[in-house]
2 protein chains.
Amino acid sequence: MDELTASLTLARAPGFHAGIAGPLLQRFGSAAALVSSPPSSLRGAGIDDKLIAYLQSPPAREIENDLRWLEPSDRHFVAWGSEHYPRLLAELSDAPFALYVRGDTNLLSMPQLAMVGARNPTPTGSETAHGFATHLARCGLTITSGLAVGIDTASHRGALAGQGQTLAVCGTGLDVIYPRGNATLAEKIAAQGALVSEFPLGTPPHKHNFPRRNRIISGLSLGTLVVEAAVQSGSLITARLASEQGREVFAIPGSIHNPLARGCHRLIRQGAKLVETADDIFEELHALAGLLRTPTFLPQDDRSRRKPEISGDSGPPLDKEYEILLDALGFEPTGVDLLVVRTGLRADEVASMLLILELEGHVLSHPGGLYVRADPRQ
Amino acid sequence: MDELTASLTLARAPGFHAGIAGPLLQRFGSAAALVSSPPSSLRGAGIDDKLIAYLQSPPAREIENDLRWLEPSDRHFVAWGSEHYPRLLAELSDAPFALYVRGDTNLLSMPQLAMVGARNPTPTGSETAHGFATHLARCGLTITSGLAVGIDTASHRGALAGQGQTLAVCGTGLDVIYPRGNATLAEKIAAQGALVSEFPLGTPPHKHNFPRRNRIISGLSLGTLVVEAAVQSGSLITARLASEQGREVFAIPGSIHNPLARGCHRLIRQGAKLVETADDIFEELHALAGLLRTPTFLPQDDRSRRKPEISGDSGPPLDKEYEILLDALGFEPTGVDLLVVRTGLRADEVASMLLILELEGHVLSHPGGLYVRADPRQ
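Residues numbered from 1 in each chain as written. Chains lettered and ligands numbered in written order. Predicted model: local features only at pLDDT ≥ 70, side-chain atom pairs only at ≥ 80, totals over all residues. Heavy atoms only, no water.

Draft legend 1. Region of interest: the pairing of strand β7 (residues 223–226) of chain A. Residues and elements named next belong to chain A. By the alternation rule, side chains of β7 split into G223 and L225 and T224 and V226, which are all buried. In this structure, strand β3 (residues 112–116) lies alongside β7, joined through four bridges in parallel fashion. Bridge pairing in β7 places A114 opposite T224. As judged from the four bridges shared by β7 and strand β8 (residues 248–251), these two strands associate in the parallel manner. Of the residues in β8, the one forming a bridge with V226 is A251. Read as a crossover between parallel neighbours, the route from β7 over helix α12 (residues 234–244) to β8 is right-handed. (Buried < 20%, exposed > 50% of the residue type's maximum accessible area, 1.4 Å probe, protein only. Helix = DSSP H or I, 4+ residues; strand = E, 2+ residues; numbered from the N terminus. Pairing = 2+ DSSP bridges. Right-handed = clockwise from strand over helix to strand, strands pointing away.)

So, in structure tokens, the structure goes:
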């Protein structure tokens with residue numbers, strides 16, 4: 001059995017997640033070796049009977065179907081251990097074993113802001129989400145949301161309107177678009193961004209899968225912005241997950257007469273950053289700059305340490321890798337791909353570093369994902 | 001010279017404030033002794049030449065006028081050292097030497113909430129201020145504000161509408177009502193509450209006197225609630241003063257599209273408590289209950305200690321004085337004056353304690369400032 005087929009088999013195994021996968025893949029050497037091992041070896045590795053039984057008769061038809069689904073060039077399967085598996089997501093204690101992707105897998109590792117909120121927002125709430133997403137996406141942040149109606153839809157649409165990138169995390173298999181009314185939007189996102197799901201193809205909408213999906217929205221992102229939300233709502237679950245994952249939570253306040261402002265107000269009372277303008281988000285991301293330079297986030301108890309004093313507008317002195325990247329970047333607009341070739345850095349590293357360099361005023365972004373060095377004499 | 005005339009003389013002395021008054025009154029024994037001492041004694045006490053020169057030729061005509069103004073029974077002059085001088089105001093490093101009062105001097109020492117905000121609020125902002133003031137005044141809090149147009153006016157009016165008590169701190173002499181359009185409101189406040197000023201009679205509106213007036217608004221109050229305010233505004237000055245005085249700051253959020261919400265949002269970012277309902281204010285005052293039982297506030301650095309854990313609905317066990325007050329209070333509606341007679345406690349102590357007992361569910365308030373013991377069997 002080849003490695004892809006073996007990984008697809010594991011992705012459909014009940015209760016199989018990254019926390020189990022890591023040690024087992026290390027022990028057996030590969031997914032293929034794991035999947036084709038005799039029951040005695042599997043039992044010796046501590047694998048439970050349910051999983052052993054599954055591996056003895058895997059769902060061959062579904063896996064064949066998965067392979068067929070993966071044939072077009074925009075389809076991807078990103079399993080634990082793959083270079084495309086996003087580092088921020090890997091930090092989660094309950095990280096998924098694999099993601100099914102339609103679109104650009106590089107987006108998984110790009111600096112993302114999650115935007116979530118009510119399915120029935122006020123007209124102003126929708127406009128606010130659209131406006132923030134457009135502006136933030138133009139500034140180089142990937143806007144991640146859940147393809148739901150309301151704020152999710154406005155956020156995805158805003159990012160697309162800004163010619164920016166957007167990532168939709170689905171609570172269904174990627175061949176089952178939900179809600180159906182967003183099928184056209186989903187196609188646009190697949191073409192200009194990425195659709196992502198941990199749920200195998202064919203998974204229909206299940207109520208309990210949507211809160212699970214939320215941990216991936218927040219887990220892929222540097223922070224989660226809540227636009228309008230009731231006090232009892234999925235958006236507040238996502239915000240809580242973001243906080244538990246050690247990520248930033250941002251919330252937009254509203255009139256005390258707007259019931260959909262109450263969720264945001266609750267978050268602000270609990271310590272979420274009050275956001276009036278996109279600059280409020282960049283300010284916080286700027287403060288996170290030192291953090292983005294390291295591969296992992298500090299645990300949540302150390303949040304206060306995550307806000308280094310920024311002296312002056314130029315930010316802290318640049319690390320060596322940043323100097324290399326700046327040297328690789330000329331005063332001609334240049335894309336991430338070329339910078340990857342020139343520097344030997346990974347695409348996600350280059351993208352994160354460019355965002356930081358832009359926030360610190362060292363580079364300017366141009367339409368079409370191109371960057372130029374800022375003229376220091378200006 | 002009698003003591004009142006001497007105190008009125010000192011109140012008009014340039015630069016004379018409570019910080020100077022305290023040691024001097026102690027040294028000379030009385031205001032009359034101080035005012036009639038020869039220049040050599042005054043110089044020996046460290047009094048500067050300007051004040052000595054003033055005391056040699058005090059403005060006799062103005063002081064005569066002050067005495068005439070004080071003749072009606074609703075006029076009062078409350079100098080440093082008087083039993084009516086409010087304890088919370090006495091904590092200020094720049095406390096005024098004296099207050100001119102029209103109305104009920106007892107209000108000076110009642111538990112107060114300052115309500116401030118824009119002079120040009122939105123219609124919703126005015127309604128919000130009016131609604132909060134009505135409800136809070138009904139619950140027994142005295143609403144303190146500055147008699148300005150806009151939020152101040154709405155707050156005073158709301159308190160009056162709730163048959164509650166309200167106190168207006170003026171930036172002019174009390175014989176010079178400003179703004180003139182609030183003359184009728186000022187008369188109502190004098191009749192149902194109190195007009196207060198540190199500025200001698202005849203002081204016209206001076207731009208620089210209004211920020212000084214603000215420190216008295218916040219200084220008389222347990223906390224300051226900002227309803228709608230621009231980022232650069234007198235309301236934010238009052239909030240800063242409240243914070244510096246170690247008092248609570250409350251702010252009502254609003255739409256990010258409302259420029260008058262920005263001042264409130266700034267305060268919330270700086271740590272002000274976000275207020276959606278009157279209960280949010282009572283919750284904080286409840287947490288302050290332990291503090292109110294002591295005569296002084298903790299310094300600002302110790303703010304975290306000011307929020308004891310409240311276990312259950314009944315609050316912490318009652319101190320002895322509270323037991324005495326509860327015993328003095330029957331199941332017949334009873335006013336503060338009678339409780340003062342029965343307990344030997346001061347009126348301001350009784351009022352503070354009743355507020356706490358009400359918050360803790362031990363007493364109920366009735367219209368007209370009457371209280372009854374809550375039936376513990378209910």
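Draft legend 2. Up close: the side chain of N209 of chain A. Considering the arrangement of structural elements, one finds N209 of chain A in helix α11 (residues 209–219). Residues within four places of N209 of chain A in sequence aside, it is in contact with G171, F199, T203 and P204 of chain A. (Contact = heavy atoms within 4.5 Å.)

Draft legend 3. Examining the sheet that holds strand β10 (residues 334–335) of chain B more closely. All names here are of chain B. Spatially, three strands are ordered β10-β12-β11 in an open sheet, and the strand pairing comes out antiparallel. Bordering the open sheet on either side are β10 and β11 (363–366), each of which pairs with just one other strand. Relative to strand β12 (residues 370–373), β10 runs antiparallel, the two being bridged by two bridges. Looking at the pairing, T334 lines up with Y371 of β12.

Draft legend 4. Structural view of the packing of helix α8 (residues 123–138) of chain B against helix α9 (residues 151–161) of chain B. Residues and elements named next belong to chain B. In contact at an axis separation of 7 Å, α8 and α9 are set at 35 degrees when each is read in the N-to-C sense. The chirality of how α8 crosses α9 is right-handed. Where α8 approaches α9, its residues G125, S126, A129, H130, A133, T134, A137 and R138 are matched on the opposing element by I151, A154, S155, R157, G158, A159 and A161. Here the residues of the contact of α8 with α9 are counted per class, giving seven nonpolar, six polar and two charged. (Axes fitted to C-alpha atoms, helices over the stretch in contact; angles between N-to-C directions. Left-handed = near helix turned anticlockwise from the far one by under 90°. Nonpolar A, V, L, I, M, F, W, Y, C, P; charged D, E, K, R; others polar.)

Draft legend 5. Representation of the relation of the copies chain B and chain A. Mapping chain B onto chain A calls for a screw motion: a turn of 180 degrees about the axis and a shift of 0.0 Å along it, with 0.1 Å RMSD after fitting. In short, the pair behaves as if placed about a two-fold rotation axis. The position closest to the rotation axis in chain B is occupied by the C-alpha of G254 of chain B, lying 2.2 Å away. A symmetric contact is evident, with 100% of the interface residues of chain B recurring at the interface of chain A. (Least-squares fit on C-alpha atoms with pLDDT ≥ 70 in both.)

Draft legend 6. Region of interest: the state of the cysteines. For the coordinates displayed, the defined rule picks out zero disulfides over all chains. As a non-bridged cysteine, C264 of chain B has C264 of chain A as the owner of its nearest cysteine sulfur, 17 Å distant. (Disulfide = S-S within 2.5 Å.)

Draft legend 7. Representation of α11 of chain A within the structure. Burial runs high along α11 of chain A: nine of the 11 residues are buried. All of the buried residues along α11 of chain A are N209, F210, R213, N214, R215, I216, I217, S218 and G219 of chain A.

Draft legend 8. Quick look at the confidence of the model for chain A. Residues and elements named next belong to chain A. Looking at chain A as a whole, its pLDDT mean stands at 88, while 90% of the residues score no less than 70. Within the model, the stretch residues 290–316 combines pLDDT values under 50 with 46 contacts to residues more than four positions away or in other chains. Scored as a whole, the predicted complex attains pTM 0.79, and scored at its interfaces, ipTM 0.76. (pLDDT = per-residue confidence, 0-100.)

Draft legend 9. Structural detail: the environment of I20 of chain B. Among the secondary structure elements, I20 of chain B is positioned in helix α2 (residues 18–28). With relative accessibility at 30%, the residue I20 of chain B sits in the partly exposed group.

Draft legend 10. Up close: the pairing of strand β6 (residues 194–197) of chain B. All names here are of chain B. Across the two faces of β6 the burial is the same, with A194 and V196 and L195 and S197 all buried. Pairing analysis gives four bridges linking strand β2 (residues 98–103) to β6, with the strands arranged antiparallel. Bridging from a neighbouring strand, Y100 pairs with S197 of β6. Taken together, the three bridges between strand β5 (residues 166–169) and β6 define a ladder with parallel strand orientation. Among the inter-strand pairings, V169 is bridged to a residue of β6, identified as V196. Taking the sense of rotation as the criterion, the β-α-β connection linking β5, helix α10 (residues 183–192) and β6 turns out right-handed.

Draft legend 11. Spotlight on the pattern of salt bridges. Residue and element names in this part refer to chain A. Under the definition given, this model contains 32 salt bridges over all chains. D49 is paired through a salt bridge with R43; the nearest N and O atoms lie 3.8 Å apart. By relative accessible area, which is 54% here, D49 ends up exposed. Residue class for R43 comes out partly exposed when judged on its relative accessible area of 49%. (Salt bridge = Lys/Arg side-chain N within 4 Å of Asp/Glu carboxyl O.)

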